[in-house]
Structures are given as C-alpha cells and as structure tokens.
Amino acid sequence: SITFTPELARRQFSALSQQIDGKPAIFFDGPGGAQVSRGVLEKMTDYLGKYNANLGGHYFSSRVTGEVMGQARESVRALLNAPSPNNIVFGMNMTTLTFHLSRIISRDWQAGDEVIVTALDHYANVSSWQQAAADKGAMVHQIPLESADCSLDAAKVCERINANTRLVAVSYASNVTGSIVDIKTIVEAAHRVGAQVYVDAVHYAPHNLIDVQALGCDFLVCSAYKFFGPHVGMAYIAPQWLQRLRPYKVEPATDVGPGRFETGTQSFEALAGVAAAIDYLAQWGTPGAPLRQRLQESFAAYHQHEEALCRHFLQRLQQLDGVRLYGHSQADSARRTPTFALTFSGQTPDAIVRHLGQHNICAGSGHFYALGLIQQLGLQDGGVLRIGMMHYNTQSEIDTLFKVIAEDILS
C-alpha cells in the first residue's frame, strides 16, 4: 500500500492547487463541505454521460443504474460497518432525510412521551424532533453542554432518560467545536428503557471511522459532501426497525428493503460519487484487502496527521493574545476533531472571515445551525469564527493563517 501523506492526497483535488488572483487557496471550511476528489467527479460524469436511466428496466443503462445503487449501499455499509447493505437509506441531504425519518419514527408517539435533544447539536437533529414532538403532544428536554470545554456529558443525558423517553437525538461530534460525544453510554441507557437513539454523525464521519454495530444505535445519519463526495445524505437504520416502521409512501412503491424509506427517484450520479468517495477514503489500506479493513488502515493514517495538525494549530493559538477558543484545548482525537471555534476581542467573527477571504483563506463565521450551543455560550451577536481542517490540510497552511491573523487582523 502507499503511505499516506497530505501531499499525495492533495494531488487528487483540482481545488487545492488553484490560484485565485495569483494567490493559493486555503480551505479551512471542511465542516461546511469538503472539496471533491477527481475520482469522484469522473465516476459521476461517467454515469451521467453513459448510463442515465431509472431502475427496473430490461436494458443496459437501467441495469448499470441498479448496480450503481447496489454498490453505493455496499460501500456505505462498509464505511459504517452496518450488518447489511439493506440497512442503508439515501436521501437529498442529512437534514431532509432527518425530517423525513422523524415523521416515520414519531408516527406512534403520544402525549406524555418524552424526547431528549442536546445543545451541542446542529439543529437538523433538534428542530425536526421538536416539531415532531409538538405534533404528537410529546415533551422535549434539551441537555446543556459543559461550558468549560463545550463537551456533552453523557452522564447528564443518561440522567434525563426515563420510562417515558421514546427517543434520544444526539450528535457524534459538534460541527462547531469539534467535541466528540460518548454515544455508546447513551445508547446503553436508552435501550434499558426501550428508547431509540438517533445519531447525527455528519461532522464525525470525515475524521473517524464509524462502527454502528459497536455503538448499537438505532439510526445514524451522515452526508457524503462532508467526506469528499457529492451532496447526498445517508442513514443507517438498525435491522429491527427496517420492517417495523411504517414509512409515508407513494403508492404502489416498494414496501420491502431500504427502498421503502426512499421517496422519489434517487440521485444516481451522486450515488456513483458516494462509492467513489469511499474508495478515495480507503486508498491507503492494504491493496486487495476487504473495503472495511482498507478504511480502518486509512483512517489510522488520517488520525495521526489530523492530530498533528490539531497540535500545531493549538500551539500557534497559544501565542496569540485576545483570542478565545471554545472547545477541548488538547490535541486528542478521542475528544475532538480538528475543528476550532474562536472569538477575538474587539473584532466580530464576520469581520475576521472577510479579512481571511481577501487572502483566499476559506473559513466561516456565525452559528452554523448549532443554536443551542451559541445561545448557551452567549454568542448570539456574531457567533464564532470556525476553522475546520481535513486530512488534505497542511501545517504550512496553518502557518499562513496565523501570519495573516498576526499581520493583517490583529496588528
């Protein structure tokens, strides 16, 4: 196998070598959407250019379309370590899929039922449940985060679980602070009272390899555009719910397998891209080994590099005055991803990202749909500056960022 280096990864992305107004582009906006590898683009173009069809036809392009969908389910199965490709459901994006699934999951809820959400989550995993609960007269409890390091204390979530709890909706990692959550403990507590757990793994997926069987969760969702693929959402549905849930469907659509949860025609070109994105992620593993093994080996390399990036960023940050970090302050990949939420005394996050944008440094500011987190931290005015790194980022890009901050923003 080829040993991972960020340089070898970068060669596979057209976006990373471009110059804008004579200056290189630096992408620190990965949490909002990663850049897409050439292999993914080729597979999508190839499908659209030669095989664009729908399922169920007795001709070559329809057969290929069926194979594309089957391969996408199998690739995501390996990525998430699901028991079967039939546990994988696709949709437009995580938010749309979650609103859709929330209606199905809450179908039998009633007054007196309780739902738990958290202040750490992106509101796709909060608003959908609040609205579903309101429709059924169920009650929602929101668990606050730990203000000191912006983590979520699993024990505090578990304390709120009782015999009336129907569902716990929780994030695997914060899309703002990078804080990682102890999902397994929450799942075990929820299952003791017969409650379901719905995990938002959108931010976690590009940084850490997911194992739904080890977690034991009932549902888990992520988005391919966060792990170097196209805009498509995917959900894992645990085996026990595949036939027991009653989806809202168009007649006479299929009522078996994962297709029963999918409405309308899927984006087959995006599904071709999903399989290619997972192949991209797995490329540093032992050639010829099973896909899951290649993913495990590749993610071990990403971990090492991202932890080094994290360490370098935090060391550089300590040298600056007037900057506050919200989140875990150590480079520990069990506790955080390389995503950093910052505020600067005397300057708004928006003003800073505008300055960075003039230097082709792509970063974001605001609430990032994590309203509970922003409100609890009292940052409603401008939110935070978010710097998010992927395995294609480098230490020299971090140095450029801090040079611009020191010379152009804080001077």
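Just so it is clear, the model here is predicted, and its values are computed rather than measured.

Analysis parameters
Residues numbered from 1 in each chain as written. Predicted model: local features only at pLDDT ≥ 70, side-chain atom pairs only at ≥ 80, totals over all residues. Heavy atoms only, no water. Helix = DSSP H or I, 4+ residues; strand = E, 2+ residues; numbered from the N terminus. Rg over C-alpha atoms; globule rule 2.2 N^0.38 Å. Buried < 20%, exposed > 50% of the residue type's maximum accessible area, 1.4 Å probe, protein only. Contact = heavy atoms within 4.5 Å. Phe/Tyr/Trp six-rings, centres within 6.5 Å; stacked < 30°, edge-to-face > 60°. Pairing = 2+ DSSP bridges. Axes fitted to C-alpha atoms, helices over the stretch in contact; angles between N-to-C directions. Disulfide = S-S within 2.5 Å. 1 Å grid on protein atoms, 1.4 Å probe; cavity = no way out; pocket = protein on both sides within 12 Å on 5 of 7 lines; lining within 4 Å. Points joined across faces, edges and corners; volume = space filled by probe spheres on them. Nonpolar A, V, L, I, M, F, W, Y, C, P; charged D, E, K, R; others polar. Salt bridge = Lys/Arg side-chain N within 4 Å of Asp/Glu carboxyl O. Polar contact = N/O pair within 3.5 Å; in protein donor to acceptor, adjacent residues only side chain to side chain.

Participant: Which residues make up the overall build of the protein chain, and what are the values?
Facilitator: Assigned secondary structure in the protein chain consists of 13 helices and 15 strands. Rg of the C-alpha trace for the protein chain: 21 Å, near the compact-globule value of 22 Å for 411 residues, within the 12% margin. Taking the principal axes of the C-alpha coordinates as reference, the protein chain spans close to 65 × 55 × 35 Å. Burial analysis of the protein chain (411 residues in total) assigns 56% to the buried set. Pairs at least 24 residues apart make up 70% of the contacts formed inside the protein chain by residues separated by at least 6 positions.

Participant: So what's going on with the packing of aromatic side chains? Which residues, and what values?
Facilitator: Counting across every chain of the model gives 15 aromatic pairs. For the pair Tyr172 and Tyr204, a centre-to-centre distance of 3.5 Å together with 5 degrees between the ring planes defines the contact as stacked. In this pair, Tyr172 sits in the loop between strand S7 (165–171) and helix H7 (183–192) while Tyr204 sits in the loop between strand S8 (196–200) and helix H8 (212–215), placing the two residues 32 residues apart along the sequence. Pair check on accessibility: Tyr172 and Tyr204 agree, each one buried. Seen from their ring centres, Phe299 and Tyr302 are 5.4 Å apart, and the 80 degrees between their planes marks the pair as edge-to-face. You can see Phe299 and its partner Tyr302 sitting in helix H10 (residues 291–318), 3 residues apart, about one turn around the helix. Per residue, the accessibility class of Phe299 equals that of Tyr302, and both read buried. Put simply, the rings of Phe4, Trp284, Phe299 and Tyr302 pair up and form one aromatic cluster.

Participant: Quick rundown of the sheet that holds strand S15 (residues 384–388)? Include the residues and the values.
Facilitator: Ordered in space as S11-S12-S15-S14, the 4 strands form an open sheet in which the pairing is antiparallel. Edge positions in the sheet fall to strand S11 (323–326) and strand S14 (364–366), since each of these pairs with one other strand and no more. Along the sheet, successive strands turn relative to each other by an average axial angle of 35 degrees, direction set aside. Here H10 sits on the sheet and contacts S11, strand S12 (339–344) and S15; the angle it forms with S12, its principal contact strand, is near 10 degrees.

Participant: So, the state of the cysteines: which residues are in play, and what are the values?
Facilitator: Under the counting rule described, the total for this entry stands at 0 disulfides. Cysteine Cys217 shares no disulfide, and the gap to the nearest cysteine sulfur, in Cys222, comes to 10 Å. Here Cys217 falls in the buried class, since its relative accessible area comes to 2%.

Participant: Any chance you could break down the layout of surface pockets for me, citing the residues and the numbers?
Facilitator: By volume, the largest pocket is sized at about 300 Å³. Lining of the largest pocket is provided by 19 residues; of these, His122, Asn175, Val202, Tyr225 and Lys226 occupy positions nearest its centre. Considered class by class, the residues forming the lining of the largest pocket number 8 nonpolar, 8 polar and 3 charged.

Participant: Please provide a residue-by-residue account of the environment of Ala351, values included.
Facilitator: By the element assignment, Ala351 lies in helix H11 (residues 349–358). Since its relative accessible area comes to 26%, Ala351 is described here as partly exposed.

Participant: I'd like a description of the pattern of salt bridges, backed by residues and values.
Facilitator: Applying the stated criterion across every chain yields a total of 12 salt bridges. Residues Glu262 and Arg73 are paired through a salt bridge, measuring 2.8 Å at the closest nitrogen-oxygen approach. Of this pair, Glu262 sits in the loop between strand S10 (233–237) and helix H9 (268–282) while Arg73 sits in helix H3 (residues 60–80), and the two are 189 residues apart along the sequence. Pair check on accessibility: Glu262 and Arg73 agree, each one buried. For Arg316, the salt bridge goes to Asp399, with nearest N and O atoms at 2.8 Å. Within this pair, whereas Arg316 is found in helix H10, its partner Asp399 is found in helix H13 (residues 395–409), the two being separated by 83 residues in sequence.

Participant: Pulling in residues and values, what's your account of the side chain of Thr343?
Facilitator: Locating Thr343 in the fold gives a position in strand S12. Among the polar contacts made by the side chain of Thr343, one reaches the side chain of Tyr326 at a distance of 3.4 Å. Not counting residues up to four positions away in its chain, the partners in contact with Thr343 are Gly322, Val323, Arg324, Tyr326, Leu379, Gly383 and Val384.

That's the geometry; what it means functionally is another story.
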